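The chain contents come next:
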Amino acid sequence: ELDVILKRVFREINRLDNAVEKLHVLASPKKLTFNLHSISEVVEDSLFFIQKPLQSRKIRLIKRLKKGLNPIMMDRDAIQQVVINVMINAMNSMRKGGDLTVETALFESTDVLEPEIMWHNSDFYRNSRPELKKDVPSYVAIVVADEGIGIPQTVGPKIFEAFFSTFRGGTGLGLYISARIIEQHHGMIGVRSQKGKGSVFYILLPDRKE
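Cut-off values and rules
- Residues numbered from 1 in each chain as written.
- Predicted model: local features only at pLDDT ≥ 70, side-chain atom pairs only at ≥ 80, totals over all residues.
- Heavy atoms only, no water.
- Helix = DSSP H or I, 4+ residues; strand = E, 2+ residues; numbered from the N terminus.
- Buried < 20%, exposed > 50% of the residue type's maximum accessible area, 1.4 Å probe, protein only.
- Contact = heavy atoms within 4.5 Å.
- Areas by Shrake-Rupley, 256 points an atom, 1.4 Å probe, with all protein chains shown as cover.
- Axes fitted to C-alpha atoms, helices over the stretch in contact; angles between N-to-C directions.
- Left-handed = near helix turned anticlockwise from the far one by under 90°.
- Nonpolar A, V, L, I, M, F, W, Y, C, P; charged D, E, K, R; others polar.
- Pairing = 2+ DSSP bridges.
- Core = buried A, V, L, I, M, F, W, Y, C linked by side-chain atoms within 4.5 Å.

S.K.: Please clarify how the overall build of the protein should be interpreted in this entry.
M.R.: If you tally the helices and strands in the protein, you get 5 helices and 8 strands. Of the regular secondary structure in the protein, the N- to C-terminal order runs α-β-α-α-β-β-α-β-β-β-α-β-β. Residues classed as buried in the protein amount to 45% of the 210 residues present. Taking the intrachain contacts of the protein between residues at least 6 apart in sequence as the baseline, contacts between residues at least 24 apart amount to 79%. Of the roughly 12100 Å² of accessible surface on the protein, 52% is carried by carbon and sulfur atoms.

Structure (structure tokens):
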């Protein structure tokens, strides 16, 4: 019984360490370094870090990474962190396994986006389609779709808030930090979900070279 207690104590210590580390990131966010990068290559490299968890959870990864997209300005490490955070969130929701799809695309208009997407921006609490910024002709997108437990409509608006987690043992900081990073890129992050029917995360970055 002592072994069981000690294991739980060490597990909680590790979880707290993780939370403190993420809090440090929040308290002193690093200055982003913007360079031109291919979004599909950045996503491909990000997927390398989650291969083992995918295999152990019986999750099939489906990649639809569009070739030929123009490189855009981004902080490569920060966007990789966002992709990994969203992927971990998706994996945690897929308790029974299933397909996890990652796609990159160019959206020349937000008209192609579903009105049900809940965006982390000024319109977040209203399910409204975001307006294209005048100085941004189009967006490069990362779309992550899972077959997980989904997010209830009442919970949806809270998932990008600090310390809110739908998973036992979660810190509630992964998606919050991701939203801050996307804001620093003048992009948008949102989710379309239904309880019991999975979720689709949308990460939109301005299609800019400057």
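S.K.: Help me out: how do you make sense of the packing of helix α4 (residues 76-93) against helix α5 (residues 174-184) in this one?
M.R.: Packed helix pairs are specified by the crossing angle of their axes together with the interaxial distance, meaning the distance between the axes. Interhelical geometry of α4 versus α5 gives an angle of 145° and a closest axis separation of 9 Å. Our pair here, α4 against α5, has a crossing hand that is left-handed. Along its contact with α4, which presents Ala 78, Ile 79, Gln 81, Val 82, Asn 85, Val 86 and Asn 89, the element α5 presents Gly 174, Leu 175, Ile 177, Ser 178, Ile 181 and Ile 182. Residue composition of the contact of α4 with α5, grouped by class: 8 nonpolar, 5 polar and no charged.

S.K.: How should I be thinking about the sheet that holds strand β4 (residues 98-107) in this particular structure?
M.R.: Whether parallel or antiparallel, the strands of a sheet pair through hydrogen bonds between backbone atoms. Overall, mixed pairing links the 6 strands, which are arranged β2-β4-β6-β8-β7-β5 in an open sheet. At either end of the open sheet lies a strand with only one pairing partner, and these are β2 (59-65) and β5 (118-119). The sheet contact formed by β2 and β4 spans 7 bridges and is parallel. By the bridge assignment, Leu 65 is partnered in β4 with Thr 104. In this fold helix α2 (residues 39-47) packs onto β2, β4, β6 (139-145) and β8 (199-206), with an angle of close to 165° to the strand it touches most, β2.

S.K.: Honestly, the nonpolar core in this entry has me stumped. Any pointers?
M.R.: Soluble globular proteins tend to bury their nonpolar side chains together. Core analysis: the largest hydrophobic core is formed by 42 residues, its most contacted members being Ile 39, Ile 79, Leu 100 and Val 144. In terms of residues, this core owes the most to one element, α4, which gives 9 residues. Every residue in contact with Leu 100, bar those within four places of it in the chain, is listed here: Leu 54, Ile 59, Arg 60, Leu 61, Ile 62, Met 87, Ala 90, Met 91, Met 94, Val 144, Ala 145 and Asp 146.

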